[in-house]
Amino acid sequence: DAGVTQSPTHLIKTRGQQVTLRCSPISGHKSVSWYQQVLGQGPQFIFQYYEKEERGRGNFPDRFSARQFPNYSSELNVNALLLGDSALYLCASSLSPTDYEQYFGPGTRLTVT
Amino acid sequence: AQSVTQLDSQVPVFEEAPVELRCNYSSSVSVYLFWYVQYPNQGLQLLLKYLSGSTLVESINGFEAEFNKSQTSFHLRKPSVHISDTAEYFCAVSPYNFNKFYFGSGTKLNVKP
């Protein structure tokens, strides 16, 4: 079975632009979480979605939003990009929100110039 | 609120030597504890976890961690490291409902021949 996949692998955006990152969970997994990993730091929780509903939100501004589709894939949107949004964005999937076994994707490296 | 502290950002060690990677946490609620590993150019992988029961937990590749509630610590140890253990290790905690994971800033283990 394929693991968690994320697209694109890398992208470069300019300040003020908007970006959409995509994640496909492992087949059968219904919960998706998003994390931001700034260089030199650990991942920071952004969102968790389950059955298309937001189950948890980290301490991120409203410029960050996400959604989950009926096939359980997910998108993370970031508006009005700032230089500080440059990071590796990780997606993780699990069977359910209460399943501690999270499987991480390889991430999308976002660079904001 | 929860937070995780990994005091050592880098740990150099010679092959076959013992190693300890330190992790301390603070939390206002009961949490589960995890260690994740990130090998070069790979995604995060769950190494081991403490949910309940014995405070000493082990991984399949010889690592172990001990939950110390009084010291709010979950240090990771291995009696004899291999070159292949070179990676970045992240300690994480999650409240019992698993809807958020909080990661430390990571410790880079560099095993030298």
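Scroll up to find the structure this text is about.
Given the structure is predicted, the values throughout are model-derived calculations rather than measurements.

Draft legend 1. A look at the overall build of chain B. From N to C terminus, chain B includes zero helices and twelve strands. From first element to last, N terminus to C terminus, chain B shows the α and β order β-β-β-β-β-β-β-β-β-β-β-β. Its C-alpha atoms give chain B a radius of gyration of 13 Å, within 12% of the compact-globule value 13 Å for 113 residues. Oriented by its inertia axes, the alpha-carbon framework of chain B measures out at about 40 × 30 × 25 Å. Within chain B, the fraction of its 113 residues that count as buried is 48%. A fraction of 57% describes how many contacts in chain B between residues 6 or more apart in sequence connect residues 24 or more apart. Of the roughly 5,500 Å² that chain B leaves accessible, carbon and sulfur atoms contribute 49%. For chain B, the distance from the average position of its 8 positive side-chain charges to the average position of its 9 negative side-chain charges is 9 Å.

Draft legend 2. Region of the structure containing the layout of surface pockets. The calculated volume of the largest pocket comes to roughly 620 Å³. Lining the largest pocket are 24 residues; nearest its centre among them are A:Arg109, B:Gln38, B:Pro40, B:Asn41 and B:Glu88. Of all the secondary-structure elements, those providing two or more residues to the lining of the largest pocket are β10 (87-95) and β12 (107-112) of chain B. With three residues, the single largest contributor to the lining of the largest pocket is β12(B). Across the lining of the largest pocket, the residue classes break down as eight nonpolar, 13 polar and three charged.

Draft legend 3. Representation of the nonpolar core within the structure. If you look at the biggest cluster of nonpolar residues, it comprises 28 residues, and the most contacted ones within it are B:Trp35, B:Leu47, B:Leu48, B:Phe74, B:Leu76 and B:Tyr89. At the level of secondary structure, the elements contributing two or more residues to this core comprise β2 (10-14), β3 (19-21), β5 (31-38), β6 (44-50), β8 (64-68), β9 (73-78), β10 and β12 of chain B. Residue contacts for B:Leu48: discarding those within four places in its chain leaves B:Leu33, B:Phe34, B:Trp35, B:Val57, B:Glu58, B:Ser59, B:Phe63, B:Glu64, B:Ala65, B:Phe74 and B:Leu76. By size, the runner-up hydrophobic cluster in this structure holds 22 residues, among which are A:Leu11, A:Trp34, A:Phe64 and A:Tyr89.

Calculation notes
- Residues numbered from 1 in each chain as written.
- Chains lettered and ligands numbered in written order.
- Predicted model: local features only at pLDDT ≥ 70, side-chain atom pairs only at ≥ 80, totals over all residues.
- Heavy atoms only, no water.
- Helix = DSSP H or I, 4+ residues; strand = E, 2+ residues; numbered from the N terminus.
- Rg over C-alpha atoms; globule rule 2.2 N^0.38 Å.
- Buried < 20%, exposed > 50% of the residue type's maximum accessible area, 1.4 Å probe, protein only.
- Contact = heavy atoms within 4.5 Å.
- Areas by Shrake-Rupley, 256 points an atom, 1.4 Å probe, with all protein chains shown as cover.
- Lys, Arg positive; Asp, Glu negative; His and termini not counted.
- Charge placed at Lys NZ, Arg CZ, Asp CG, Glu CD.
- 1 Å grid on protein atoms, 1.4 Å probe; cavity = no way out; pocket = protein on both sides within 12 Å on 5 of 7 lines; lining within 4 Å.
- Points joined across faces, edges and corners; volume = space filled by probe spheres on them.
- Nonpolar A, V, L, I, M, F, W, Y, C, P; charged D, E, K, R; others polar.
- Core = buried A, V, L, I, M, F, W, Y, C linked by side-chain atoms within 4.5 Å.

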